[in-house]
Structure formats: structure tokens, C-alpha cells
Amino acid sequence: PAVAAMTRNEKDCLLQSEHWPVILCFFERFGETLGFTSKFQGIENVVLATTCGEDVVCFFHKLLHSFGQRLRKRYSKYLWEKALVAFAETYQMECVETLRKGGYLSLSVADRLPLIKELCEAQFDVCAHLKDKVNSDFSAEELRLKPLVQDKYGDGYWLFMDSEGQFVLYKELTSSGPSSEQAKMKVVACTLDELDEFLCSLRANGVQRAGRTIGISEGQNSEEGMLGDDIDAYCEICNVDRDPNKLLLCDSCNHGYHTDCLSPPLSVVPAGDWHCSPCLEVN
């Protein structure tokens, strides 16, 4: 593969870009439908490439195939850069002039990422196969993206993982202040050592949830299990992070429910164990 002899700055630019988690999410959920194996390292290699090897050619040819059909043009596999210029012109990308003059390799990582993200998002418009697959296999609720978990400050944690176990854990800083125009994504961990360090900090500090402080118990292995005991769950009914003192945690499934969202609503948090209706029905 055409792997870049990347500098630390290029790697940091990739991880800290607001476009990278969108790209990872797309390939995690829909890559297989488009013929991709959803391995993050391969996508990273394309973003950081210094030569246009077969992996780069195949990557863009797959993403540009449906776009060419919409224009009623046939772009052969090795005319992918011509197709990429046409795409950038159609979608009025800022990098179009640089791309036209010097090709893909002339673009910086900061220019490549929004171009690839736009290509991914365009698939929902140009790829009939993907649209049919989404409409038939996904409900509206399943298409509504949610973080894995959310803490008491309103910051969400997003975990993206490929079929080989490569992962990136992001923290969505939605509580960064009233002047913030949008949520910011910050990389928390992308190696096992970084994940272990992050989990150790949670074990040390604990998180206040619904009137009690909970820490991670030793010996848990799954990502959701490791994070779930330390970070507030969404209310399963209203899906809003508010009023932590009214958030009931089911002692069977550990899902959260606001007392005033229940039917009938509860005026106080009950003492002792409490189980949600779905768990009571199962039991």
C-alpha cells in the first residue's frame, strides 16, 4: 500500500480533524455495502498517501463510480483523478484548483479530509444501491446517530471500531461553553495503552450519577461495559441528558429513565432496587 512517510503533525491533523470521525462512521456502517472492508488503517493510508498505489486508485474508483454514472460518463479505473476533479467542481470544493493543477498528491491532509468526507456523504445521493440498502435495512431510529455513552456534563463518547479491532474513542465536547458554535471532537484513545490510561482516570475520579458516585469495577473487558459504569446513560424515553437526580438506573439492564418520563411518572426516586418495564416483562 502507498503508506505515507507521515510526520507527527500529519497524524495529529488526521486525528483532530472534525471530518475524520465522520469518515470513520460512514465506513463502519456502510463501507461493506459499497465493497469496502471497513479497515480503518487502509482508509488512513489513503489520506496520508505519498504515492498513488493500487489501494488509492481502488478506493477512489469505488467512491466515484456512481458519481460518473450520474454524469452519464464512464471513467475508467485509471482516470479516477479526472473524475475526482469533476466531483470537486460539481460540489464546489475549495481544493479544486490545487487538485486540477497538481492532482490528489498535491493536496494537504487538511484538504484531503473534507474532500473524502464529501465523497462519502454524496453516496447517499448518487448510489442507488446504497439508498435501497439503507431504506430496507435501517429504521429511522437506527439512522439517528447517538454516542456510546454520555457523562453528567453532557459530553458524549463515540467509539468507532473496524473488523480488525482498530478503534478510535472520541469525546464530544458539547459543554465547552456558550460561545461554542458546535460540538468539538477530541481524541481520547486510539491505542490500548491510551484506553487503559483513560479508564484508570475514570477509576480514580468516579462520576456522580443519580445521587451516587460509581467507579469502574476491575475485570470488565468490553468497551461498553468499561465505560458504562462511569458515564451517565441517556434517558431511554426522552433521550435527553438533564436532571441527573431524577435519572433512575435499572438494576437489570443499567439503562436510564427519568422519573417524570415514566408512565405513570414517579414523584421521587424509589429506594432500593428498581427495574424498568422491559426487564420486568422479560423476567
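For the structure, check the block above.
As the structure is a computational prediction, the values presented were derived from the model and not from experiment.

Undergrad: So what about the overall build of the protein chain? Which residues, and what values?
TA: Along its length, the protein chain carries twelve helices and eight strands. Taking all 283 residues of the protein chain together, 41% fall into the buried category. Here the contacts in the protein chain between residues at least 6 apart in sequence split such that 50% fall between residues at least 24 apart. Carbon and sulfur atoms form 50% of the exposed surface of the protein chain, whose accessible area is close to 15,600 Å².

Undergrad: Let's hear about the nonpolar core: which residues, and what values?
TA: Among the nonpolar cores identified, the biggest contains 53 residues, and W20, F27, F59, F60, L84, Y104 and L115 are the most heavily contacted of them. Leave out the neighbours within four places in its chain, and F60 touches V46, W80, L84, Y104, I116 and L119. Residues V149, L169, A189 and L199 belong to the second largest nonpolar core, which totals eight residues.

Undergrad: Describe helix 3 (residues 40–47), listing the residues and the values that go with them.
TA: Of all eight residues that make up helix 3, six are buried, and the element is covered over most of its length. Considered for burial, the residues of helix 3 that qualify are F40, I43, E44, N45, V46 and V47.

Undergrad: Just give me the short version of the packing of helix 4 (residues 54–70) against helix 7 (residues 109–126), but keep the residues and values in it.
TA: The interhelical angle for the contact between helix 4 and helix 7, taken along N-to-C directions, is 45 degrees, at an axis separation of 10 Å. Classified by the interaxial angle, the pair formed by helix 4 and helix 7 is oblique. The two elements helix 4 and helix 7 meet at a crossing, and its hand is left-handed. Each of F59, F60, L63, L64, S66, F67 and R70 in helix 4 lies in contact with helix 7, whose residues at this interface are I116, L119, Q123, D125 and V126. Tallied by class, residues from the contact of helix 4 with helix 7 come to eight nonpolar, two polar and two charged.

Undergrad: Which residues make up the pairing of strand 2 (residues 156–161), and what values do they have?
TA: By the bridge criterion, two bridges tie strand 1 (residues 149–150) to strand 2 in an arrangement that is antiparallel. From the neighbouring strand, Q150 faces strand 2, where its bridge partner is G156. In this structure, strand 2 lies alongside strand 3 (residues 167–173), joined through six bridges in antiparallel fashion. Across the sheet, residue Y157 finds its bridge partner in strand 3, namely K171. Counted along the chain from strand 2 to the antiparallel partner strand 3, the turn is five residues long, and its residue G165 has a positive phi close to 90 degrees.

Undergrad: Break down the environment of G154 for me, citing the residues and quoting the values.
TA: Tracing the backbone through its elements, the reader meets G154 in the loop between strand 1 and strand 2. The class for G154 is buried, based on a relative accessible area of 10%. The spacing of G154 and E172 is 18 residues in sequence and 8.7 Å in space, taken between C-alpha atoms.

What counts, and at which threshold
Residues numbered from 1 in each chain as written. Predicted model: local features only at pLDDT ≥ 70, side-chain atom pairs only at ≥ 80, totals over all residues. Heavy atoms only, no water. Helix = DSSP H or I, 4+ residues; strand = E, 2+ residues; numbered from the N terminus. Buried < 20%, exposed > 50% of the residue type's maximum accessible area, 1.4 Å probe, protein only. Contact = heavy atoms within 4.5 Å. Areas by Shrake-Rupley, 256 points an atom, 1.4 Å probe, with all protein chains shown as cover. Core = buried A, V, L, I, M, F, W, Y, C linked by side-chain atoms within 4.5 Å. Axes fitted to C-alpha atoms, helices over the stretch in contact; angles between N-to-C directions. Parallel < 35°, antiparallel > 145°, perpendicular 65-115°, else oblique. Left-handed = near helix turned anticlockwise from the far one by under 90°. Nonpolar A, V, L, I, M, F, W, Y, C, P; charged D, E, K, R; others polar. Pairing = 2+ DSSP bridges.

By themselves these figures say nothing about function.
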